[in-house]
Amino acid sequence: MSWIELSLNATHEAVDWVCTLLADVGYIDDIQIANYRQPDRATSHENDWAFTICLYLPNEVGANSQLEKIADLLSPLHRTGLTTALEIATIEGKPVEGRDRTHRIGQRFVVLAPDTRYQPQPNDILLRLETSLSFGSGFHPATRLSLELLERHVRPAMNVLDLGCGSGILSVAIAKLGATVLALDNDNIAVQSTQTAVQQNGVDSQVTVIEGSLGQGSDLGHWMGGTTQEKVATIAPAAEFDLIVANIFARVHIALTPDFRQAVRPSGIVIAAGFTIDYADEVTKAFTEAGFEEVDRARSQEWVALAYRLIIV
Ligand SMILES: C[S@@+](CC[C@H](N)C(=O)[O-])C[C@H]1O[C@@H](n2cnc3c(N)ncnc32)[C@H](O)[C@@H]1O
């Protein structure tokens, strides 16, 4: 059978966007992600690419209109330098296995697809995730940095809030570190993805998933700026969490620092990620004014995640 192979190279941060855009138009099961394939041409000196993403379409009537739709969808990412241009080739026979979605994060986490065979090393913590419409495949630096700080700060029996749970990756990780989790997201699809992830990873007894937000977070609307999102449930901050993690825009962190202040127990920790180093001072200023001090940070290229502890006075 003849197939059309669409391929592009992407940075770490673009992988989730490409997958989400393709999944949104129905290609969720057709995506293959592999480590960046070096082109044959010796002239290439593009060092930024981490992954090659391929999509396979049957070469049949109507394929051209699908191609145009996909090219339009992905062109903004190319224009902003996050991917190469889409390359299109006709091939006989679709590669059976091209997916290399198993990757290690921090000392112990291994992210992999639900059906991937893997022989764990002692102390490995497996996070099995389907490709979903929600953000959080584990490829984005902000997710990776959040996991690194969670590994350092989560202790068994802690009560943790995962604000903006997306795919559920952080909630699963926290639960597998032995804590209980309240997972909140104001996006209904993210809530469904997290529910699926917690079930597939066998941590549903430790994770409660709610479509909602913390305090003023429920007034902030959809993070991508859509206007149709209904107001979601509000979880009132009540000094009940030992740790909060939020991989979210800097402006959301800044708006929510008073809520974080009220939501954590004395000496509680907030792990704030989702922004680049240029926002770190502004975010730290807001946390400091709310009574926190920075106690840890993790950085990958321009991305940063910060851990703040509530100072007891
Ligand atoms: C960057 S994704 C993070 C997903 C996942 N936690 C991770 O680390 O990969 C941000 C998530 O926060 C959610 N979100 C954005 N603003 C929110 C708010 N005000 N309240 C609750 N969830 C929010 C989005 O719907 C999205 O799923």
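Residues numbered from 1 in each chain as written. Predicted model: local features only at pLDDT ≥ 70, side-chain atom pairs only at ≥ 80, totals over all residues.

What follows concerns the overall build of the protein. The secondary structure content of the protein amounts to 7 helices and 15 strands. Based on the C-alpha atoms only, the size of the protein along its principal axes is roughly 70 × 40 × 40 Å. The long-range share in the protein, meaning contacts at least 24 apart out of those at least 6 apart in sequence, stands at 66%. (Helix = DSSP H or I, 4+ residues; strand = E, 2+ residues; numbered from the N terminus. Contact = placed C-beta atoms within 7 Å.)

Glancing now at the domain arrangement of the protein. Each assigned domain of the protein is listed here: domain 1 (2-92) and domain 2 (103-310). Opposite the 11 residues of domain 1 that make contact, domain 2 presents 8 residues. Of the residues forming the side of domain 1 that touches domain 2, the biggest block, 6 residues, is contributed by helix α1 (residues 15-24). Here the residues of the side of domain 1 that touches domain 2 sort into 6 nonpolar, 2 polar and 3 charged. (Domains from an automatic or database assignment. Nonpolar A, V, L, I, M, F, W, Y, C, P; charged D, E, K, R; others polar.)

The next subject is the sheet that holds strand β8 (residues 159-163). Taken together, the 8 strands give an open sheet; going across it, the order is β11-β10-β9-β8-β12-β13-β15-β14, and neighbouring strands pair in mixed fashion. In this open sheet, the two edge strands, each paired with only one partner strand, are β11 (233-235) and β14 (292-300). Adjacent strand axes in the sheet meet at a mean angle of 30°, parallel and antiparallel pairs treated alike. On the sheet, helix α5 (residues 188-200) packs against β9 (180-185) and β10 (207-214) and is oriented at approximately 165° with respect to β10. (Pairing = 2+ DSSP bridges. Axes fitted to C-alpha atoms, helices over the stretch in contact; angles between N-to-C directions.)

On the basis of which strands lie adjacent, the open sheet formed by 3 strands has the order β5-β6-β7 and mixed pairing. Single-partner strands in this sheet number two, and they are β5 (103-105) and β7 (125-128). Across this sheet, the average inter-strand angle for adjacent strands is 30°, counted without regard to direction. Of the pairings in the sheet, the one linking strand β6 (residues 109-112) to β7 comprises 4 bridges and is parallel in character. Looking at β7, one finds that Val111 is bridged to Leu127. Running at roughly 150° to β7, helix α4 (residues 169-176) makes contact with β6 and β7 of the sheet.

Our next topic: helix α2 (residues 63-79). Here α2 spans 24 Å end to end across 17 residues, near enough to the 24 Å set by a 1.5 Å rise per residue. In α2, a bend of some 35° at Leu73 exceeds every other bend along the element, and Pro76, a proline, comes one to four places later. (Expected span 1.5 Å × (residues − 1). Bend = angle between axes of the 7 residues up to and from the residue.)

With 13 residues, helix α3 (residues 141-153) extends 18 Å between its outermost C-alpha atoms, agreeing within 8% with the 18 Å of an ideal straight helix rising 1.5 Å per residue. Where α3 is concerned, the buried positions are Pro141, Ala142, Thr143, Arg144, Leu145, Ser146, Leu147, Glu148, Leu149 and Leu150. (Buried ≥ 20, exposed ≤ 12 C-beta atoms within 10 Å, placed from the backbone.)

Moving on, we come to the packing of helix α6 (residues 250-263) against helix α7 (residues 280-289). α7 packs onto α6 with a crossing angle of 10° between their chain directions and a minimal axis gap of 8 Å. It follows that α6 is roughly parallel to α7 by the angle criterion. Across from Ala250, His253, Ile254 and Thr257 in α6, the residues of α7 making contact are Glu282, Val283, Ala286 and Phe287. Residues that form the contact of α6 with α7 fall into these classes: 5 nonpolar, 2 polar and 1 charged. (Parallel < 35°, antiparallel > 145°, perpendicular 65-115°, else oblique.)

With that settled, the discussion passes to the pairing of β10. Alignment of β9 against β10, held across 5 bridges, turns out to be parallel. Of the residues in β10, the one forming a bridge with Leu182 is Thr208. In terms of strand pairing, β10 meets β11 through 3 bridges, oriented parallel. Directly across from Leu214, in β11, lies its bridge partner Ile235.

Turning our attention to the environment of His103. Residue placement: His103 occurs in strand β5. Of the residues examined, His103 has 16 C-beta atoms within 10 Å and is grouped as partly exposed.

All right, on to the environment of Gly212 then. Position of Gly212 relative to the elements: it lies in strand β10. Given 19 C-beta atoms within a 10 Å radius, Gly212 is considered partly exposed. Between the C-alpha atoms of Gly212 and Asp162, which are 50 residues apart in sequence, the distance is 11 Å. Excluding anything up to four places from it in sequence, Gly212 contacts Leu184, Asn186, Ser218, Val232, Ala233, Thr234 and Ile235.

Ranked by size, the top nonpolar core spans 63 residues in total, and within it Ala173, Ile244, Ile271 and Ala305 carry the most contacts. The contact partners of Ile271, leaving out residues within four places of it in the chain, are Ser146, Leu149, Leu150, His153, Leu243, Val245, Ala305 and Ala307. (Core = buried A, V, L, I, M, F, W, Y, C linked by C-beta atoms within 7 Å.)

Moving on to the environment of Gly81. Inspection of the secondary structure puts Gly81 in the loop between α2 and β4 (87-92). Residue class for Gly81 comes out exposed when judged on the 10 C-beta atoms lying within 10 Å of it. As for Gly81 and Leu163, which are separated by 82 residues in sequence, their C-alpha atoms are 29 Å apart.

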